[in-house]
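Chains, contacts and geometry: an overview
Below are the chains, spelled out letter by letter.
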Amino acid sequence: MLLFKTAIKNILGAGRRTWLNVAVLSFTFVLMTAFNGLIDGWVNDAIVDTRDWETGAGQFWHENYDRYDVFTLQDAHGVPPDAFAPYLADKSLTPILVIQAVAYESGNMQNIQLKGIDPSQQLLEIPSRYLHADDDALNAVIGARMARTLNADEGDRLLIRWRDKNGAFDAREIVIASIFNSSIATVDEGQVWIALDKLREMTGMQDEATYLVRSADCPLEQDVNGWHYKDSDFLLEDLYLMAQHSRVESLIIFTILLAIALLAVFDTQTLSIFRRQKEIGTYISLGMTPKQVTRLFTLEGTTYSLLGILVGILWGTPLLYWYGQTGITLPESYTEIGLGMRETMRPIYDPGTILTSIAIIIFMSMLISWLPTRKIAKSNVVEALKGRIT
Amino acid sequence: MSEKEKIIRLTGLVKQFPVGDGHFTALNGINLTIERGEFLGLVGPSGSGKTTLLNIIGSLDTPTEGEAIVLEHSVSSLTAKESAALRNKSIGFIFQSYNLLPVHTVYENVEFPLLLQKRSAGERYKAVMNALEWVGLTDKAASRPAQLSGGESQRVAIARAMVKRPDVVLADEPSANLDAKNSHTILQTMRQLNEELNTTFVFATHDEKVMQYLRRIVYLEDGKVEKDEIIQDSTFKIQN
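So, here is what we can say about the structure in this document. What you are looking at is a predicted structure, and each value in this text was computed from that prediction instead of being measured.

Parameters at a glance
- Residues numbered from 1 in each chain as written.
- Chains lettered and ligands numbered in written order.
- Predicted model: local features only at pLDDT ≥ 70, side-chain atom pairs only at ≥ 80, totals over all residues.
- Heavy atoms only, no water.
- Helix = DSSP H or I, 4+ residues; strand = E, 2+ residues; numbered from the N terminus.
- Expected span 1.5 Å × (residues − 1).
- Buried < 20%, exposed > 50% of the residue type's maximum accessible area, 1.4 Å probe, protein only.
- Contact = heavy atoms within 4.5 Å.
- Core = buried A, V, L, I, M, F, W, Y, C linked by side-chain atoms within 4.5 Å.
- Salt bridge = Lys/Arg side-chain N within 4 Å of Asp/Glu carboxyl O.
- Pairing = 2+ DSSP bridges.
- Axes fitted to C-alpha atoms, helices over the stretch in contact; angles between N-to-C directions.
- Polar contact = N/O pair within 3.5 Å; in protein donor to acceptor, adjacent residues only side chain to side chain.
- Nonpolar A, V, L, I, M, F, W, Y, C, P; charged D, E, K, R; others polar.
- Parallel < 35°, antiparallel > 145°, perpendicular 65-115°, else oblique.
- Left-handed = near helix turned anticlockwise from the far one by under 90°.

Looking now at helix α4 (residues 121-134) of chain B. All names here are of chain B. For α4, with 14 residues, the first-to-last C-alpha span of 20 Å sits near the 20 Å given by 1.5 Å per residue. Listed in full, the buried residues belonging to α4 are Arg124, Ala127, Val128, Met129, Ala131 and Leu132. As for α4, its buried residues are in contact with α3 (106-116) and α5 (150-162). Of the residues flanking the end of α4, it is Gly136, one or two places downstream, whose phi is positive at about 70 degrees.

Core analysis: the biggest nonpolar cluster contains 48 residues, and B:Leu10, B:Leu42 and B:Leu53 have the highest contact counts within it. Filtering out sequence-adjacent residues up to four positions away, B:Leu53 remains in contact with B:Leu10, B:Leu13, B:Leu27, B:Ile30, B:Leu32, B:Leu42 and B:Leu220.

Residue and element names in this part refer to chain A. Considering all chains together, one arrives at 20 salt bridges over all chains under this definition. With a closest N to O distance of 2.8 Å, Asp118 and Lys91 form a salt bridge. With Asp118 in the loop between β3 (108-117) and β4 (139-143) and Lys91 in the loop between α3 (85-89) and β2 (93-105), this residue pair connects regions lying 27 residues apart in the sequence. Through salt bridges with shared partners, a single network forms among Arg276, Glu279 and Glu300.

Here we come to the sheet that holds strand β9 (residues 216-221) of chain B. All names here are of chain B. Across the sheet, which stays open at both edges, the six strands sit in the order β6-β7-β8-β3-β9-β10 with mixed pairing between neighbours. Every interior strand has two partners, whereas the edge strands, β6 (91-94) and β10 (224-230), have only one. Neighbour-to-neighbour, the strand axes of this sheet turn through a mean angle of 15 degrees, independent of strand direction. By the bridge criterion, five bridges tie strand β3 (residues 39-43) to strand β8 (residues 200-205) in an arrangement that is parallel. For Gly41, the partnering residue across the bridge sits in β8 and is Phe203.

Turning to the interface of chain B and chain A, a few remarks are in order. Residue-level contacts link 23 residues of chain B with 19 residues of chain A. Taken together, the links from chain B to chain A amount to one salt bridge. Among the ionic pairs, B:Glu108 bridges to A:Lys9, the shortest N-O distance being 2.6 Å. Where chain B packs against chain A, one counts five residue pairs in polar contact (both at pLDDT 80 or more). Listing elements by their share of the side of chain B that touches chain A, those giving two or more residues are α2 (80-90) and α3 of chain B. Split into classes, the residues belonging to the side of chain B that touches chain A amount to 12 nonpolar, five polar and six charged.

Residue and element names in this part refer to chain B. One can describe the packing of α3 onto α5 by two numbers: an axis separation of 7 Å at closest approach and a directional angle of 30 degrees. When the interaxial angle is binned, α3 and α5 end up roughly parallel. Judged by the sense of rotation from one axis to the other, the crossing of α3 with α5 is right-handed. Where α3 abuts α5, its residues Val106, Asn109, Val110 and Pro113 lie against Val156, Ala159 and Arg160. Of the residues in the contact of α3 with α5, the class split is five nonpolar, one polar and one charged.

For the rest of this paragraph, the subject is the sheet that holds strand β5 (residues 73-74) of chain B. Across a sheet, paired strands are connected by hydrogen bonds in the backbone, their directions being either parallel or antiparallel. All names here are of chain B. On the basis of which strands lie adjacent, the open sheet formed by four strands has the order β2-β1-β4-β5 and antiparallel pairing. The sheet is open, and its two borders are formed by β2 (22-35) and β5, each paired with just one other strand. Here strand β1 (residues 6-19) pairs with strand β4 (residues 65-70) via five bridges, running antiparallel. Each bridged residue has a counterpart across the sheet, and for Ile8 the counterpart in β4 is Val70. Packing of helix α1 (residues 50-57) onto the sheet brings it into contact with β1, β2 and β4, and relative to β1 it is tilted by some 120 degrees.

So, in structure tokens, the structure goes:
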């Protein structure tokens, strides 16, 4: 306690030098908290949106289905086994049928995936209610990205061509009933959603599906008769990898910022050893061991970070709260990237991440303070009293 | 003097410092005994070994050869911890440039050795105020070193050295940075404490003003004791 009190007194007594170090460290701490919060917020938004729009709480895939290989689509369909029947009936499972197709718009040809979805489903955010049609029209919903690609507006009619289960080509006109906005590109780009029963009828694939989306209410969580269960971890794997990559980038930025802040502490500590040699000698003559003096100087350096964090909490809390409330509105081009970014990104402050940042700052400042002060333990007290430590 | 406790015994003390390929001999076979309650000065020109001898007595340095027994402790065989404990408990230092801790107040400077001794707050307060009273600085307790004059700073250093009631106070050129009036003031204070508390004072000095207060003068020349003189009628008389 004596060392801590003395360290506090010494660094507060050092005036502007201390406050410069504290300012740099508090800036680093707040900036990193904001940056990590932004990544956590983005990852959280992306996970929620991906579940809401695409994956549900899991999926059962037809044994031939591979989402990364469009060539599997031709054979990746079948009638779901009876074990799924009660859950299909209570809509805790919703079937999706996917086939390759081509859309023609103003003479242009565009490869698409034609996806059949139950118009009355409420498991996914896809606005499937627009797929109901009173007449014989074939309503379709598409995402905003797809609309731009096809140069299509609501009410427009497009010709699509597909192959039925026997391989025979067929074509029909669809009506764009609704255009939705989603941060999830994989339900938008190259996708045209139509009513499941219509698609089944068009392809002759009665009662068939490519995959089933599971809601959290469905108790099934394992493979059923050749339909492979894919849990959330598997379905969100790409997102987790992307988040991990972002965290590495964040760590690099954090390391650079922290290195700059710690350079100031290191500089102060190194200067202290030279400027305060007589003081070091005095402490020892008063009865401190060289190791205690080393600890005192190390503690002084560490206290910069403690003060930096404290000051950072004081000015950073209202700022980060405001930032959390308003978020950052991204330019449209960012949301087009398709990384699950919403138009406004709101940071989420994870206590674990904040505590880790604090621990890293304190540990690193302790280490960087200790390095120059090691000299004290090896120094000659008499030389220190004369101000001759080299 | 012979019946008094011999608290410092130096036998065949040699201290050499490496210089280039060779070495410089600062102390060359010093034999000296200091008894409790002495008011003694190590006197000699620059380079005669005064400060080196003081540092060895203060356990801040160790001899190259010979033995230094301070308060029954052989300085050469003390660990860093034991040596620090000896200084903290039994030895007070007064330096030429005062060496006060700059960001601490006068009170905190004087209190510091007691904090190291882990004394209670009440005990510390009593001892610090007592020490400040000895040197006449109770009204400056809240001041910082930068707000004090040279004489006041040295009086704070004396209070800090005396607050723990040490057996020995080692003063290295205590009056070198002071004018005549302040020099006499601090020397009177030290002499008074020596007589009232029976604390042993050892000075390293070549200041005439200090010498007139000493009761024993050990003259050093080239690291050797040239003369060891007892002053029978020291000019200083305690003012009652």
